[in-house]
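# Tertiary structure, described
Listed below, chain by chain, are the residues.
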2 protein chains.
Amino acid sequence: MLTERQLFILQLLINDYIQTAEPVGSRTISKREDVTFSSATIRNELADLEEMGYIEKTHSSSGRVPSEKGYRFYVDHLLSPPVLSKKDVNNIHSLFAERMVEVEKVIQQSAGILSELTQYTSIILGPEVFETKLRQIQIIPLSKDTAVVILVADSGHVENRTMKIPPSVSMSDIEKVVNIMNERLKDVPLISLKSTMMKEMATVLKKHIENYNQVNTMLESLFLYTNAEKVYYGGKTNILTQPEFKDIDKVRLLLNTFEQDDVMYNILRPEKNGIEVKIGQENDLEAMQHCSIVTADYFIEGKRMGSIALLGPTRMEYQRSMSILGFLANDLTKTLTDRYQSFKHW
Amino acid sequence: MLTERQLFILQLLINDYIQTAEPVGSRTISKREDVTFSSATIRNELADLEEMGYIEKTHSSSGRVPSEKGYRFYVDHLLSPPVLSKKDVNNIHSLFAERMVEVEKVIQQSAGILSELTQYTSIILGPEVFETKLRQIQIIPLSKDTAVVILVADSGHVENRTMKIPPSVSMSDIEKVVNIMNERLKDVPLISLKSTMMKEMATVLKKHIENYNQVNTMLESLFLYTNAEKVYYGGKTNILTQPEFKDIDKVRLLLNTFEQDDVMYNILRPEKNGIEVKIGQENDLEAMQHCSIVTADYFIEGKRMGSIALLGPTRMEYQRSMSILGFLANDLTKTLTDRYQSFKHW
DNA sequence: TGTTAGCACTCTAAGGTACTGAGTGCTAAA
DNA sequence: TTTAGCACTCAGTACCTTAGAGTGCTAACA
């Protein structure tokens, strides 16, 4: 168990290290105004803290650096009360003041402002298709064997795919199918579109359509890819300004990971509600060894829709990041819920 | 004017430097089998070449390195005949063997294969809207004051925008407008959609619609952004493996530029037809100081549609890059033209 | 007159040594 | 329990030396 003084020293040390990125020595700590005890005392305490695994030395006569365990403890128990400057708050609010129509834009802008305010890289998981429902489906022929299928969701999201039409399927067949789909599939959540279609529509389609099998395989291919949530970024290269990323190999590893949407998706997918912090190895991904990720969720009508996140070095400003993130998640939730309700109750 | 021998030596030097990234000395050159004269002779020639500005020293007793002028001359006059291995050719052909339906995918894949084959960063300017024509326009209401507008082009390209509907404009008005648009604007090139609409439709609309002014401003905002060509990338981080990009600041500058679509667009927009090489400063952009860009165009029915490009260090394999690029541009042209014709003549 | 061998010279890169300063751990006294 | 004091450690820097790759120049050669 840590004593009051040890807690205090650990906090001072981590705060200092977050600012300077330099190992912190006992003398540095003793010089602070609110420290009454001597550097020798601090040395003793530091030795204890090191023994318990909260801090480390970079070499035998260096100052101390927080360990991942130390950061974990700091985040869980030692964060000072959140302070957001009015400037920051205004900055965020002003973003939502101009009521943007397109969700994509709202999110892209949010990513931008996050990375600007923090100088870290911001990552946002776009709204899940999860709860959005089909409003309308349309098929527009392009040539004798291709057509564009357009799905419009009640969230305003539009999805389109080009597909091949088997020669045995006629245009009038397709028209019939579309009509039936619009009747039967309206207000079905996009996520269960495929299964609903297979279940509910099979019998109806069989009645009205000749080449049921061909049509069916065609439709199956259409809904093959449940469109994953899109990943948005802000300040992708901000991380390169951090001293811990002077090494080009680390950078390449990390930037490569950014390009893999599926990997990022898994990293951001939160395990629990609320603001979550993952420190270094906790991300179990080599590229993220020296990074921490702070995530928060946003909601529409209480349903979790996606996450917003900040990625920085393990030595990141957790308190500030969490505050900004929480704040923005809140605003995002409000905006999107408003928007959604205006659609739903129309 | 350069003598035969000087040409030969310059060529050997640049070839060597491209492979090794190390300054090339007279002895290195003299050791080559096909070199009959001594290193002393070569030293004399190198001194002349340096005086003429084709090569440089990194310090007073170092070997020589090509200058930008040297590269320029090399690219214009000294390239050895193109050699593409069968493997490369097959690689590219196989890409187009599976006839993909969506242009986006074709292009994304092309970018991928380009960067894989060369280990440089590939950049592709998506097909211009330029010649593609409107096939159909649709408006789907989302709420009492918002609707999604969907434009389908004959190329299969789908464009959608969410817009606000002024309260004074009724749904039936909108339906009327859409009908008129579909009548009048069909087969109008997307690029001139706005002007055609303003000219041709004004009179008709005035007749049928009450709130002409509101509708008009609404429509104007709709076509405000001529959608720029999309920029696709492959192997964004490949450039980081080049020894000239060990410096994190150079990297940041370059990667930041990648994020600015408009800047990249201007860089890629070719000035003349055919395969073009821009070396270092010729790109007049700080971030591109140490880079060269090779661009080629692709066409649909003889009309230039976009460009594909490779970005590497100035010390890049020009010959190979140009060959691969030319080859792929050709395949791309064929594929897209085929596709387009199957749409057009339907 | 063009080519080449030879040599003095230059500069980088790598390795070694010495010094400084920030930091530690331990001990003994307050 | 705290602290002053001291010996010790180690990274970083500066400085020097050496090795090696390369040049430019000169004088001799074909």
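The structure reproduced in this document is the subject of the present report.

Rules and cut-offs
- Residues numbered from 1 in each chain as written.
- Chains lettered and ligands numbered in written order.
- Predicted model: local features only at pLDDT ≥ 70, side-chain atom pairs only at ≥ 80, totals over all residues.
- Heavy atoms only, no water.
- Near = heavy atom within 4 Å.
- Helix = DSSP H or I, 4+ residues; strand = E, 2+ residues; numbered from the N terminus.
- Contact = heavy atoms within 4.5 Å.
- Buried area = accessible area lost by both parts, 1.4 Å probe.
- Salt bridge = Lys/Arg side-chain N within 4 Å of Asp/Glu carboxyl O.
- Polar contact = N/O pair within 3.5 Å; in protein donor to acceptor, adjacent residues only side chain to side chain.
- Nonpolar A, V, L, I, M, F, W, Y, C, P; charged D, E, K, R; others polar.
- Axes fitted to C-alpha atoms, helices over the stretch in contact; angles between N-to-C directions.
- Parallel < 35°, antiparallel > 145°, perpendicular 65-115°, else oblique.

## Observations regarding the protein's contact with DNA strand D
Close to DNA strand D lie 20 residues; Arg5, Thr41, Ser60 and Ser61 of chain A together with Ser26 of chain B are nearest. By atom count, sugar and phosphate contribute 77% of the portion of DNA strand D lying within 4 Å of the protein. At the level of secondary structure, the elements contributing two or more residues to the surface near DNA strand D comprise α3 (39-51) of chain A together with α2 (26-30) and α3 (39-51) of chain B. No other element matches α3 of chain A, which puts four residues into the surface near DNA strand D.

## Re the environment of Val215 of chain A
With respect to the secondary-structure elements, Val215 of chain A resides in helix α9 (residues 212-222). C-alpha separation for the pair Val215 of chain A and Ile174 of chain A, spaced 41 residues apart in sequence, amounts to 8.2 Å.

## Remarks on the interface of chain A and chain B
One frequent convention defines the size of an interface as the accessible area lost when the parts assemble. The interface of chain A with chain B comprises 39 residues on the first partner and 39 residues on the second. For the pairing of chain A and chain B, the buried interface totals around 3,600 Å² over both sides, and the portion due to carbon and sulfur atoms is 66%. Across the chain A-chain B interface, the total number found is zero salt bridges. On the surface where chain A and chain B come into contact, there are seven residue pairs in polar contact (both at pLDDT 80 or more). Contributing elements (two or more residues each) for the side of chain A that touches chain B: β4 (134-143), β5 (146-153), β6 (158-164), α10 (248-259) and α12 (318-344) of chain A. Residues of the side of chain A that touches chain B, tallied by class, amount to 17 nonpolar, 11 polar and 11 charged.

## Points about the packing of helix α1 (residues 4-20) of chain B against helix α4 (residues 68-78) of chain B
All names here are of chain B. Across the interface, α1 lies against α4 with an axial gap of 11 Å and an inter-helix angle of 110°. Between α1 and α4, the angle falls in the class roughly perpendicular. On α4, the residues touching Leu7, Leu10, Gln11, Ile14, Asn15, Tyr17 and Ile18 of α1 are Gly70, Tyr71, Phe73, Tyr74 and Leu78. Among the residues making up the contact of α1 with α4, the classes are represented as nine nonpolar, three polar and no charged.

## Structural notes on the protein's contact with DNA strand C
Around DNA strand C, a shell composed of 20 residues is seen, among which Ser26 of chain A together with Arg5, Thr41, Ser60 and Ser61 of chain B lie nearest. Within 4 Å of the protein, the atoms of DNA strand C are drawn from sugar and phosphate moieties in a proportion of 78%. Between DNA strand C and the protein, one listed contact pairs a phosphate oxygen with a side-chain N or O atom of Arg5 of chain B at 2.7 Å. Within the side chain of Ser61 of chain B, an N or O atom sits 2.6 Å from a base oxygen of DNA strand C. Broken down by secondary-structure element, the contributors of at least two residues to the surface near DNA strand C are α2 (26-30) and α3 of chain A together with α3 of chain B. Partitioned by chemical class, the residues of the surface near DNA strand C number three nonpolar, 12 polar and five charged.

So, to be careful, I would describe these as geometric facts and stop short of saying anything about function.
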